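Fold and contact review
In case you want the letters, here they are:
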Amino acid sequence: MTSGRTVLTNLTAATLSAQADGYGLIHDAAIAIEADSISWIGPAKELPEEWKDAPQVDLNGRLATPSLIDCHTHIVYGGSRAREFEMRLNGATYEEIARAGGGIRSTVSATRAANEEELLASALPRVDALLAEGVTLLEIKSGYGLDLDTELKMLRVARKIGELRPVKVLTTFLGAHALPPEYEGRSDDYISFVCDEVLPAVKAENLADAVDAFCEGIAFSPEQVSRVFDRAQELGLPVKIHSEQLSNLGGTAMAASHKALSADHLEYLDAAGIQAMKDAGTVAVLLPGAFYFLRETQYPPLQELRDAGVPIALATDANPGSSPLTSLLLCMNMACTLFRMTPQEALAGITRNAAQALGQSEFCGTLEAGKQANIAIWDVKEPAELAYRIGFNPLNRLYFLGEDITKTQAN
Ligand SMILES: O=C(O)CC[C@@H]1NC(=O)NC1=O
Ligand SMILES: [Fe+3]
């Protein structure tokens, strides 16, 4: 615990402030922490007098950034799809895999069969991999239950993770993720079940902070998703969407008309969707892990999103089928290497813009006075190294709500 007042010194701060150019770098910086917040940040030589007597932590010239935010994960689920991965690489077709019980429905079966303790035990190692890289805010979706009890079970497990680990967890109800077998051929009836039975129960138990849906030919239409979003907004829940991942159904524009926090995937996004996001303030969340793992060839329209000034976030999309990725540092490298994002855009994508995609901008995502003291300290000389290295974790120290939660030997 920081005894309430601490000054971090001898560091370079990448503030990621929206008002600053590039990384918002402050060289020879100091950060004054009081309780759980940043009270002051700036050049150490300008440290206010009242902080001169506070305990200091010398960070030996290391780099400080906002701690990391994974704004899109399906990290709670039962079973594994590794066998399916192997079948595919041995030449099995999608149909053969489905007939063998593979695909998203295999995860649904495994998740329905697992109890809360089993789901928690299987999720925690995946969550710990993210926390080891400096994640302090994590979004976790449901969507592998597709029935009332299992959707509630998943969201309870997600809430439990936030109680057991030093991380803020925001939960998202994703009942409209896929059509469960018992509703085969009756997708409108399933959407009615989601809207009339599951969503009210989720809200009554305060289990979700937002509502998501998969708008795709293999999932649900814009009209069906719009029904879910109307119900979510009647219940006072913000919305976000998986859209334009495999085709363009106009889901992004529909979500923007509901003032969606974010639209995610976006490989097939068009100009109308971009304009709608710009007008609504909807964040674009790119998911390079799914693009990479599915060997997608359609690139998201990065330059058009830049030109329109739409904020761009990044996330792991950690899930067993399309993105078994639990590294935001590797996610940054993928975004740069595959999508040609700059390292600065990638770092903003897992800090400031990820916070905005979760409606958390007033609390975190940058190193600025008044924000939570969620600060990652890195053994690197410049911020670009965080996206440049592949499979290397240079995290030296991590502050969450003002507390040093990663003890390190290095000094
Ligand atoms: O295959 C799975 O388990 C999830 C796939 C995943 N879900 C979604 O909405 N898009 C995806 O790629
Ligand atoms: Fe996803």
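Bear in mind that the values here come from a model prediction, so they are computed numbers and not experimental data.

Here's the deal with the pattern of salt bridges
- Under the counting rule described, the total for this entry stands at 22 salt bridges.
- The partner of arginine 62 in a salt bridge is aspartate 379, and the shortest N-O contact between them spans 2.4 Å. Of this pair, arginine 62 sits in strand S4 (residues 56–66) while aspartate 379 sits in the loop between strand S13 (375–378) and helix H15 (384–388); the two residues are 317 residues apart in sequence, bridging distant segments of the chain.
- Taking the relative accessible area as the measure of exposure, arginine 62 reaches 10% and is therefore buried.
- Note that glutamate 184 and arginine 105 form a salt bridge whose closest N and O atoms lie 2.4 Å from each other. Of this pair, glutamate 184 sits in the loop between strand S7 (168–176) and helix H6 (187–204) while arginine 105 sits in helix H3 (residues 104–113); the two residues are 79 residues apart in sequence, bridging distant segments of the chain.
- Linked through salt bridges whose partners overlap, the residues forming this network are Arg5, Glu34 and Asp53.

Some details on the sheet that holds strand S5 (residues 68–70)
- The eight strands lie next to each other as S5-S6-S7-S8-S9-S10-S11-S12, forming an open sheet whose pairing is parallel. Where the open sheet ends on each side, the last strands, each with one partner, are S5 and strand S12 (312–314). Strand-to-strand twist of the sheet, defined as the mean angle between neighbouring strand axes without regard to direction, takes the value 25°.
- Two strands pair when backbone bridges link them, and strand S6 (residues 135–141) and S7 are joined in this way by five bridges, in the parallel orientation. For glutamate 139, the partnering residue across the bridge sits in S7 and is leucine 170.

As for the layout of surface pockets
- Approximately 820 Å³ is the volume attributed to the largest pocket.
- Along its surface, the largest pocket is lined by 29 residues, and Arg81, Tyr94, Ile104, Phe214 and Ile218 are the ones closest to its centre.
- Elements with a contribution of two residues or more to the lining of the largest pocket: helix H1 (82–89), helix H2 (94–99) and H3.
- With three residues, H2 is the single largest residue contributor to the lining of the largest pocket.
- Residue composition of the lining of the largest pocket, by class: twelve nonpolar, ten polar and seven charged.

A few points about the packing of aromatic side chains
- Tallied over the entire structure, the rule returns eight aromatic pairs.
- Geometrically, the ring pair formed by phenylalanine 291 and tyrosine 299 is tilted, given 5.0 Å between the ring centres and 40° between the ring planes.
- One aromatic cluster in this structure is built from Tyr183, Tyr190, Phe193 and Phe220.
- Above the ring of tryptophan 51, the side-chain terminus of arginine 5 is found at 4.0 Å from the ring centroid.
- Between arginine 126 and the ring centre of tyrosine 77, over which it is positioned, the NZ or CZ distance is 3.7 Å.

Some thoughts on the domain arrangement of the chain
- Split into domains, the chain comes out as domain 1 (5–66 + 366–404) and domain 2 (68–357).
- Each of domain 1 and domain 2 has a C-alpha centre, and these two points are 31 Å apart.
- Across the boundary between the two partners, domain 1 contributes 24 residues, which contact 21 residues of domain 2.
- Buried area between domain 1 and domain 2, summed over both chains or domains, comes out near 1,700 Å², and the portion from carbon and sulfur atoms is 70%.
- It is Leu16, Ala387 and Phe400 in domain 1 that bury the most area against domain 2; as a group they hold 31% of the surface buried on that side.
- Counting across the domain 1 and domain 2 interface gives zero salt bridges.
- Taken together, domain 1 and domain 2 are joined by six residue pairs in polar contact (both at pLDDT 80 or more).
- Elements represented by at least two residues in the side of domain 1 that touches domain 2 include exactly S4, H15 and strand S14 (395–400).

Focus: the environment of isoleucine 218
- Tracing the backbone through its elements, the reader meets isoleucine 218 in the loop between strand S8 (210–215) and helix H7 (222–234).
- A residue is classified by how much of its surface remains accessible, and isoleucine 218, at 62% relative accessible area, is exposed.
- Residues isoleucine 218 and lysine 278, 60 residues apart in the sequence, show an inter-C-alpha distance of 27 Å.

A closer look at the UniProt feature "binding site: Zn(2+)" (unreviewed entry) in the chain
- Mapped onto this numbering, the UniProt entry gives "binding site: Zn(2+)" (unreviewed entry) at His72, His74, His242 and Asp317. Maximum C-alpha separation among the annotated residues is 12.2 Å over a sequence range of 246 residues, consistent with a single clustered spot. Here the residues from the annotation list that line the largest pocket are His74, His242 and Asp317.
- Residue placement: histidine 74 occurs in the loop between S5 and H1.

Brief notes about the confidence of the model for the chain
- Summarising the model, the chain shows a mean pLDDT of 96, and 98% of its residues fall at 70 or more.
- In the predicted complex, the global pTM is 0.97; the interface-specific ipTM is 0.97.

Focus on unusual backbone geometry
- Residues other than glycine seldom take positive phi values, yet aspartate 28 does so here, at roughly 45°.
- In the Ramachandran plot, lysine 259 falls in the positive-phi region, its phi being about 55° despite a non-glycine side chain.
- One can find lysine 259 in the loop between helix H8 (251–257) and strand S10 (262–265).
- Owing to a relative accessible area of 55%, lysine 259 belongs among the exposed residues under this scheme.

About the thresholds
Residues numbered from 1 in each chain as written. Chains lettered and ligands numbered in written order. Predicted model: local features only at pLDDT ≥ 70, side-chain atom pairs only at ≥ 80, totals over all residues. Heavy atoms only, no water. Salt bridge = Lys/Arg side-chain N within 4 Å of Asp/Glu carboxyl O. Helix = DSSP H or I, 4+ residues; strand = E, 2+ residues; numbered from the N terminus. Buried < 20%, exposed > 50% of the residue type's maximum accessible area, 1.4 Å probe, protein only. Pairing = 2+ DSSP bridges. Axes fitted to C-alpha atoms, helices over the stretch in contact; angles between N-to-C directions. 1 Å grid on protein atoms, 1.4 Å probe; cavity = no way out; pocket = protein on both sides within 12 Å on 5 of 7 lines; lining within 4 Å. Points joined across faces, edges and corners; volume = space filled by probe spheres on them. Nonpolar A, V, L, I, M, F, W, Y, C, P; charged D, E, K, R; others polar. Phe/Tyr/Trp six-rings, centres within 6.5 Å; stacked < 30°, edge-to-face > 60°. Lys NZ or Arg CZ within 6 Å of the ring centre and 35° of its normal. Domains from an automatic or database assignment. Contact = heavy atoms within 4.5 Å. Buried area = accessible area lost by both parts, 1.4 Å probe. Polar contact = N/O pair within 3.5 Å; in protein donor to acceptor, adjacent residues only side chain to side chain. UniProt positions renumbered as here; feature names shortened; annotations may be inferred. pLDDT = per-residue confidence, 0-100.

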